[in-house]
Amino acid sequence: MTGELVDLADLAARSGVPVPRLRQYAEVGLLPPARRDGDRPGYPPAEVDIVRILAGAEDLGLDTDTLGALAAVWRDGDCAGTRRHLAAAVTARLDQVQADVAVRNRQAVEAGPGTTGWAEKIGESASLSEDAARLQAVSAALTVAAHDGPCGDDCGCITALAVAGTTYQFPHDEGTGEAGLACDLVADGGEVRDRISVWQQVLGRVEHRAPLPDTADGVALRFPFDVDLAGTLGRLAAAEYRCCSFGSYTLVVDGTGLRLEIRMPAEAAGTLAAVVGLPETKR
């Protein structure tokens, strides 16, 4: 009914989506032209939930065409169809983000561990992993978000889009029957980006990267003996383990100096190479 129209400011307040973003949605056709109640332009209250969906989906990196399709299905009152459409779009976006993570890791290896280029690519990989974790969490929530009848503010899609991604699941072949690898992104306050600068400092002091005799998916980083460096390496190893507990970190101090041995499952070999580098030829 026209008497129930809400203006742009009220739409922003009810939905939590800022006015500039709503104007952008209107410019690209995601928000329909405002109706008029006398001299007062406004929108039906049902648009509140639609712009919430649009904002949540856009935050996941979904493109404008996908957002438009979601809005159209929602306005048709097809809640189950909206969920299926959103789930498919989230899966496609997740596949792309995980592929981008692999690309950044390869670029980090090529740049060389500890270099400025390495820090840039590892930082991008960390950000993309956080994006992937959020997509994974939304995808999982959508599998239990069934809702019969028309769309509304109790729709599972809105709930799913509000979940946080705290754990990154490595790409995994579920057909193996084995559990996949996962990293806790909020361990110790989620300070993974802070560790990049510390890794950059210690990697600049690596004297040699040697293969490990007991695994093909590991590396031994040899450093000059330094008490302060040993402490830094110990803290780094502990922080990495709290984040990704599937790895093994061994700090060795002996007559050869200081050595950090890192062992990883095969699925994480690419990440290991990206962070600390590949073993060098024997010398």
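Residues numbered from 1 in each chain as written. Predicted model: local features only at pLDDT ≥ 70, side-chain atom pairs only at ≥ 80, totals over all residues. Heavy atoms only, no water.

Points about the packing of aromatic side chains
Then, number 1: Counted under the stated rule, the structure contains two aromatic pairs.
Then, number 2: Summarising the aromatic geometry, the rings of Y168 and F170 are spaced 5.4 Å apart at their centres and angled 50 degrees between planes, so their arrangement reads as tilted. Pair check on accessibility: Y168 and F170 agree, each one buried.
Then, number 3: On the basis of an interplanar angle of 85 degrees and a centroid distance of 5.5 Å, the ring pair of F170 and F246 is categorised as edge-to-face. In this pair, F170 sits in the loop between β3 (167-169) and β4 (182-184) while F246 sits in the loop between α9 (227-243) and β7 (248-254), placing the two residues 76 residues apart along the sequence.
Then, number 4: With relative accessibility at 10%, the residue F170 sits in the buried group.
Then, number 5: An aromatic cluster is defined as three or more aromatic residues linked by ring pairs; in this entry it consists of Y168, F170 and F246. (Phe/Tyr/Trp six-rings, centres within 6.5 Å; stacked < 30°, edge-to-face > 60°. Buried < 20%, exposed > 50% of the residue type's maximum accessible area, 1.4 Å probe, protein only. Helix = DSSP H or I, 4+ residues; strand = E, 2+ residues; numbered from the N terminus.)

Some words on the state of the cysteines
Then, number 1: Under the definition given, this model contains one disulfide.
Then, number 2: Paired by a disulfide, C183 and C244 hold their sulfur atoms 1.9 Å apart. With the S-S bond torsion at 110 degrees, the cross-link from C183 to C244 turns out right-handed. With C183 in strand β4 and C244 in the loop between α9 and β7, this pair connects stretches of sequence that are 61 residues apart.
Then, number 3: Judged by its relative accessible area of 7%, C183 falls in the buried class.
Then, number 4: The thiol sulfur of C243 is not disulfide-bonded, and the nearest other cysteine sulfur, from C244, lies at 3.5 Å. (Disulfide = S-S within 2.5 Å.)

A closer look at the packing of helix α1 (residues 8-15) against helix α3 (residues 47-59)
Then, number 1: Where α1 meets α3, the axes come as close as 9 Å, and the angle between the chain directions of the two elements is 60 degrees. In this structure, α1 meets α3 at a crossing whose hand is right-handed. Mapping the contact onto sequence places L11, R14 and S15 in α1 and E47, V48, V51 and R52 in α3.
Then, number 2: Split by residue class, the contact of α1 with α3 holds three nonpolar, one polar and three charged. (Axes fitted to C-alpha atoms, helices over the stretch in contact; angles between N-to-C directions. Left-handed = near helix turned anticlockwise from the far one by under 90°. Contact = heavy atoms within 4.5 Å. Nonpolar A, V, L, I, M, F, W, Y, C, P; charged D, E, K, R; others polar.)

Observations concerning the packing of helix α5 (residues 79-111) against helix α10 (residues 269-276)
Two quantities define a packed helix pair, namely the angle between the helix axes and the distance between the axes.
Then, number 1: One way to put it is that α5 packs onto α10 with a least axis distance of 8 Å and a crossing angle of 40 degrees. Here α10 runs oblique to α5, going by the angle between their axes. The crossing of α5 and α10 is left-handed. When α5 is examined against α10, the residues N105, A108 and V109 are found in contact with a partner set consisting of G270, T271, A273 and A274.
Then, number 2: Tallied by class, residues from the contact of α5 with α10 come to four nonpolar, three polar and no charged. (Parallel < 35°, antiparallel > 145°, perpendicular 65-115°, else oblique.)

With respect to the side chain of Q136
Then, number 1: The residue Q136 is located in helix α6 (residues 116-142) in this model.
Then, number 2: Among the polar contacts made by the side chain of Q136, one reaches the main-chain carbonyl oxygen of Q169 at a distance of 2.7 Å.
Then, number 3: Among all residues touching Q136, those that are not within four sequence positions of it are L94, Q98, T167, Y168 and Q169. (Polar contact = N/O pair within 3.5 Å; in protein donor to acceptor, adjacent residues only side chain to side chain.)

Section: the sheet that holds strand β6 (residues 215-223)
Note on sheets: strands pair through backbone hydrogen bonds, and any given pair is parallel or antiparallel.
Then, number 1: Taken in spatial order, the four strands line up as β5-β6-β8-β7 in an open sheet, and their pairing is antiparallel. Every other strand in the sheet has two partners, leaving β5 (208-212) and β7 as the edge strands with one partner each. Within this sheet the neighbouring strands show an average axis-to-axis angle of 25 degrees, counted without direction.
Then, number 2: Across six bridges, the pairing between β6 and strand β8 (residues 257-263) is antiparallel. If you follow A220 over to β8, its bridge partner there is E261.
Then, number 3: Here helix α8 (residues 192-203) sits on the sheet in contact with β5, β6 and β8, set at roughly 70 degrees to β6.
Then, number 4: Its contacts with the sheet place α9 against β6, β7 and β8, and it is angled at close to 165 degrees to β7. (Pairing = 2+ DSSP bridges.)

Observations regarding the pairing of β5
Then, number 1: Among the five residues that make up β5, four are buried, leaving the element largely enclosed by the rest of the structure.
Then, number 2: Pairing of β5 with β6, which is carried by four bridges, proceeds in the antiparallel orientation. When the bridges of β6 are listed, H208 appears paired with R222.
Then, number 3: Between β5 and β6, which pair antiparallel in sequence order, lie two residues.

Focus: the environment of R40
Then, number 1: Mapped onto the elements, R40 comes out in strand β2 (residues 40-42).
Then, number 2: In this structure the C-alpha to C-alpha distance between R40 and V28, which are 12 residues apart in sequence, comes to 22 Å.
Then, number 3: Sequence-distant contacts of R40, that is, excluding residues within four places in its chain, are made with L5, V6, D7 and R35.

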